[in-house]
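# Topology and contacts: notes
Here are the chains, one letter per residue:
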Amino acid sequence: AAGRALAFLKGIVAAAAAADGDQTLREMAGGEIFPGCLAGLTEPSNSAHQAELLGVIRDIVVHLLPVAGSVRRVLLGLPGMTEQSLGQLINDLAQIRSEKKAANRVKEMIVQAAGGGDALRAFAEARAGATSTGAIQVPNVTTRHQANRLEAAAKPGWTEEEVNAIGLNPLTANSRAQQ
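The following paragraphs examine the structure supplied in this document. (Residues numbered from 1 in each chain as written. Predicted model: local features only at pLDDT ≥ 70, side-chain atom pairs only at ≥ 80, totals over all residues. Heavy atoms only, no water.)

## Points about the environment of Val56
Within the secondary structure, Val56 is located in helix α3 (residues 50–64). Each C-alpha atom of the pair Val56 and Leu6 lies 7.4 Å from the other, and the pair is 50 residues apart in sequence. Setting aside residues up to four positions removed in sequence, Val56 forms contacts with Leu6, Lys10, Val13, Ile33 and Cys37. (Helix = DSSP H or I, 4+ residues; strand = E, 2+ residues; numbered from the N terminus. Contact = heavy atoms within 4.5 Å.)

Below you can see the structure in the form of structure tokens.
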């Protein structure tokens, strides 16, 4: 479902970026969709859709930044983004002709503007075991499996008496039937 939603958002961004696109739609895409996609990068549950999320973000930055003030405001609202770094991003994107290189430049910008890798640590932790080279990589992260084991160890579990009482223990189930 998330993949379909991202494809839909990409379509909205494309419609907003069209030469005859509605300015209200452009501002909505820059002011609502853009921050939502940026926030989506921090959610471990979205790690499977990183490429699509980054594609929508790239399209917004490349196509809507020149025509929608909301995109500029969102970017300047990021902790590590300055007017100078935004100007450099615009110049870099104007010179890049490859979609893949533009996506990589946008990824770099997101990590830098978010205050480095720590701001995206939740997203990076979900991708720590991934073999894809397209992931936003942050060194020294705890894998999700280690975190789950620590969390499970902290929670109280079922006692043997509780398991036996409801007949879930296969070792005592036969003796219970014989009694």
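What follows continues from the structure just given.
## Observations regarding the pattern of salt bridges
It is possible for side chains bearing opposite charge to pair when their charged atoms get close. Applying the stated criterion across every chain yields a total of 6 salt bridges. A salt bridge links Asp59 to Lys10; the shortest N-O distance between them is 3.3 Å. Taken together, the residues Asp59 in helix α3 and Lys10 in helix α1 (residues 2–17) connect sequence positions 49 residues apart. Where Glu27 meets Arg73, a salt bridge forms, and the shortest distance between an N and an O atom there is 3.6 Å. Taken together, the residues span a long stretch of sequence, with Glu27 in helix α2 (residues 23–40) and Arg73 in helix α4 (residues 69–76) at a distance of 46 residues. Residue Glu27 is classed as partly exposed on the basis of its relative accessible area of 25%. For Arg73, a relative accessible area of 58% puts it in the exposed group. Ionic contacts of the salt-bridge type, sharing partners, join the residues Lys10, Arg58, Asp59 and Glu99 into one network. (Salt bridge = Lys/Arg side-chain N within 4 Å of Asp/Glu carboxyl O. Buried < 20%, exposed > 50% of the residue type's maximum accessible area, 1.4 Å probe, protein only.)

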